[in-house]
Amino acid sequence: WWSTELQRDRKITAKDFEKDYRYDVEHAWGQKGHRRGAFAYSCETLLSWPSRTSSVQEHGCPFRELSSTELASDLASWGVAWDSVGEILAPALNGQARVACANFFRLTHPKFQGKFQSSSLHPNQFFRLSRGHFEALASKSKDGPAGAQGKSL
C-alpha cells in the first residue's frame, strides 16, 4: 500500500521506494530497528505546524491543508455524499479543522454508537473508533436480524 501511495507522486518510482522509503516504512510499523511502532502526531500538534508551503508536502490535517477543490474531491472519494460535502467544507475553509473532522466522522459513520469528541481526538483514536464501528456493523450483519444466527425459527 505504501509503495502504491507514494508512487502517486510521479517523481517516485518503485526503485526509489525500495531505495529511499521501504526501510523507513518498515521501521515506523515496527518491522525493523527497535521493533516498536512509531507514534502518530496528535491533532493538536499537526494543527500547530505552519501550513504546508508547497504541494509536495504530504503531511498534516487534510481539513486544514487541502484546497476546497482537493478536499471536495477527496471527500467524494472517501464516500461522502455530494449534498453533504458542504457540511465539511464550510468549517474547514473557516479554519475549524476539528469541526470539519467531527462532521466527516458523523457523515461517514451514521450509525455510530459512541461519543466522538473532535476536541480531544488523536488520529489513532479516530482510526480505532472507525474500525470498531465498521467491525460492529459487520458483526451485526453476520448475526442477522436480532442476533438470530444459529437459532432455529
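Conventions adopted
- Residues numbered from 1 in each chain as written.
- Predicted model: local features only at pLDDT ≥ 70, side-chain atom pairs only at ≥ 80, totals over all residues.
- Heavy atoms only, no water.
- Helix = DSSP H or I, 4+ residues; strand = E, 2+ residues; numbered from the N terminus.
- Buried < 20%, exposed > 50% of the residue type's maximum accessible area, 1.4 Å probe, protein only.
- Contact = heavy atoms within 4.5 Å.
- Areas by Shrake-Rupley, 256 points an atom, 1.4 Å probe, with all protein chains shown as cover.
- Core = buried A, V, L, I, M, F, W, Y, C linked by side-chain atoms within 4.5 Å.
- Salt bridge = Lys/Arg side-chain N within 4 Å of Asp/Glu carboxyl O.
- Polar contact = N/O pair within 3.5 Å; in protein donor to acceptor, adjacent residues only side chain to side chain.
- Axes fitted to C-alpha atoms, helices over the stretch in contact; angles between N-to-C directions.
- Left-handed = near helix turned anticlockwise from the far one by under 90°.
- Parallel < 35°, antiparallel > 145°, perpendicular 65-115°, else oblique.
- Nonpolar A, V, L, I, M, F, W, Y, C, P; charged D, E, K, R; others polar.

Trainee: Outline the overall build of the chain, listing residues and values.
Mentor: Helix and strand counts for the chain stand at eight helices and zero strands. The order of α-helices and β-strands along the chain, N terminus first, is α-α-α-α-α-α-α-α. Counting over 153 residues, the chain shows a buried share of 24%. Restricting the contact set of the chain to residue pairs at least 6 apart, pairs at least 24 apart contribute 30%. Accessible surface computed for the chain: about 11100 Å², of which carbon and sulfur atoms make up 54%.

Trainee: If you had to explain the nonpolar core to someone new, which residues and values would you point to?
Mentor: One finds Phe 63, Leu 71, Leu 75, Ile 88, Phe 104, Phe 116 and Phe 126 to be the most contacted residues of the largest nonpolar core, which totals 20 residues. Counting only elements with at least two residues in this core, the list comes to helix 5 (68–77), helix 6 (85–93) and helix 7 (97–108). Those residues in contact with Phe 63 that lie beyond four places of it in its chain are Leu 71, Leu 75, Ile 88, Ala 92, Ala 97, Ala 100, Cys 101 and Phe 104.

Trainee: I'd like a rundown of the pattern of salt bridges, residues and numbers included.
Mentor: Under the defined criterion, the tally for this structure stands at four salt bridges. Glu 87 serves as the salt-bridge partner of Arg 106, at 2.8 Å between the closest nitrogen and oxygen. Of the two residues, Arg 106 is situated in helix 7 and Glu 87 in helix 6; the sequence distance between them amounts to 19 residues. A relative accessible area of 43% means that Arg 106 is categorised as partly exposed.

Trainee: Any details on the environment of Asn 94? Residues and values, ideally.
Mentor: Here Asn 94 lies in the loop between helix 6 and helix 7. Linking Asn 94 and Arg 64, residues 30 residues apart in sequence, is a C-alpha distance of 9.2 Å. Of the polar contacts made by the side chain of Asn 94, one reaches the backbone oxygen of Ala 90; its length is 3.0 Å.

Trainee: Which residues make up the environment of Lys 32, and what are the values?
Mentor: Within the fold, Lys 32 resides in the loop between helix 2 (14–28) and helix 3 (43–48). Here Lys 32 falls in the partly exposed class, since its relative accessible area comes to 33%. Excluding residues within four positions of it along the chain, Lys 32 makes contact with Tyr 23, Glu 26 and His 27.

Trainee: Explain the side chain of Ser 130 to me, and be specific about the residues and the numbers.
Mentor: Residue position: Ser 130 is located in helix 8 (residues 123–143). Apart from residues lying up to four places away in sequence, Ser 130 is in contact with Phe 105 and His 109.

Trainee: Help me get a handle on the packing of helix 5 against helix 6, residues and values and all.
Mentor: Contact geometry of helix 5 with helix 6 gives a least axis separation of 10 Å together with a crossing angle of 145°. When you trace helix 5 past helix 6, the crossing you get is right-handed. Mapping the contact onto sequence places Ser 68, Leu 71, Ala 72 and Leu 75 in helix 5 and Val 85, Ile 88, Leu 89, Ala 92 and Leu 93 in helix 6.

Trainee: Can you tell me about the environment of Lys 115, naming the residues and giving the values?
Mentor: Looking at the element boundaries, Lys 115 is found in the loop between helix 7 and helix 8. On the accessibility criterion, Lys 115 (66% relative accessible area) is exposed.

Trainee: Got a sec to walk through the packing of helix 6 against helix 7? Specific residues and values, please.
Mentor: The interhelical angle for the contact between helix 6 and helix 7, taken along N-to-C directions, is 170°, at an axis separation of 7 Å. Classified by the interaxial angle, the pair formed by helix 6 and helix 7 is roughly antiparallel. Contacts between helix 6 and helix 7 involve Glu 87, Ile 88, Pro 91 and Ala 92 from the first element and Ala 97, Val 99, Ala 100, Asn 103, Phe 104, Arg 106 and Leu 107 from the second. The residue makeup of the contact of helix 6 with helix 7, split by class, is eight nonpolar, one polar and two charged.

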